[in-house]
Amino acid sequence: QVQLVESGGGLVQAGGSLRLSCAASGSIFSPNYMGWYRQAPGNGRELVARIDSGGSTNYADSVKGRFTASRDNAKNTVYLQMNSLKPEDTAVYYCYYKRAAIYNYEFWGQGTAVTVSS
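The structure contained in this document is the topic of the report that follows. All of these numbers come straight from a predicted model, not from anything done at the bench.

1. Considering the pattern of salt bridges
Side chains carrying opposite charge are able to pair once their charged atoms draw close together.
Piece 1. Applying the stated criterion across every chain yields a total of four salt bridges.
Piece 2. Two residues, Glu 46 and Arg 38, come together in a salt bridge whose shortest N-O distance is 2.7 Å.
Piece 3. Classification of Arg 38 by relative accessible area gives buried; the value is 6%.
Piece 4. Ionic pairing is found between Asp 89 and Arg 66, a salt bridge with its closest N-O pair at 2.7 Å. One end of the pair, Asp 89, is in the loop between strand E8 (77–82) and strand E9 (91–99); the other, Arg 66, is in the loop between strand E6 (57–59) and strand E7 (67–72), with 23 residues separating them in the sequence.

Put into structure tokens, the structure is as follows:
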């Protein structure tokens, strides 16, 4: 089992910034992927950013150039720096962990709410 604890959500005005953190603990294996999904009201969950244990990243087109994912492998922590926030970024952001090449070894955080006011 892996436990994921997120922090850093909140309310911010459009154009502002927030930094999300997610600390993982438990049975953590490498290589792995950690990252962030989000879900806005009435929408499905969508990938925001993913970073593997080697540091390679993938981003949703809607956040490229504005969001940056990073990780500290020694602390088993992943971060999401969100700049130039837009009202459409408003959602609950979920951290996740997946062990690479292993089926069904995937865990989710409880979610942290981000609200961007116009």
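Now that the structure has been shown, we can carry on.
2. Here we look at the environment of Gly 16
Piece 1. Along the polypeptide, Gly 16 turns up in the loop between strand E2 (10–13) and strand E3 (18–26).
Piece 2. Take Gly 16: its relative accessible area is 17%, and that puts it in the buried class.
Piece 3. Taking the C-alpha atoms as reference points, Gly 16 and Leu 85, separated by 69 residues in sequence, lie 5.5 Å from one another.

3. Overview of the sheet that holds E7
Piece 1. Reading across the sheet, the four strands line up as E1-E3-E8-E7 and stay open at both edges, with antiparallel pairing between neighbours. If you trace the sheet from one side to the other, it starts and ends with strand E1 (2–7) and E7, each paired once. Here the average twist between neighbouring strands, direction ignored, is 15°.
Piece 2. Looking at chain direction, E1 and E3 are connected through six bridges and run antiparallel. Paired with Ser 7 across the two strands is Ser 21, which belongs to E3.

4. Let's talk about the packing of aromatic side chains
Given two aromatic rings, one states the distance between the centres and the angle between the planes to describe the pair.
Piece 1. According to the stated counting rule, one finds six aromatic pairs in the structure shown.
Piece 2. Look at Tyr 97 and Tyr 105: their rings are 6.2 Å apart centre to centre, the planes differ by 75°, and that puts the pair in the edge-to-face class.
Piece 3. The structure contains a cluster of three or more aromatic residues connected by ring pairs, namely Phe 29, Tyr 97, Tyr 105 and Phe 107.
Piece 4. Between the NZ or CZ atom of Arg 19 and the centre of the ring of Tyr 79, over which it lies, the distance is 4.1 Å.
Piece 5. Sitting over the face of the ring of Trp 108, Arg 45 holds its NZ or CZ atom 4.7 Å from the ring centroid.

So, how was this worked out
- Residues numbered from 1 in each chain as written.
- Predicted model: local features only at pLDDT ≥ 70, side-chain atom pairs only at ≥ 80, totals over all residues.
- Heavy atoms only, no water.
- Salt bridge = Lys/Arg side-chain N within 4 Å of Asp/Glu carboxyl O.
- Buried < 20%, exposed > 50% of the residue type's maximum accessible area, 1.4 Å probe, protein only.
- Helix = DSSP H or I, 4+ residues; strand = E, 2+ residues; numbered from the N terminus.
- Pairing = 2+ DSSP bridges.
- Axes fitted to C-alpha atoms, helices over the stretch in contact; angles between N-to-C directions.
- Phe/Tyr/Trp six-rings, centres within 6.5 Å; stacked < 30°, edge-to-face > 60°.
- Lys NZ or Arg CZ within 6 Å of the ring centre and 35° of its normal.

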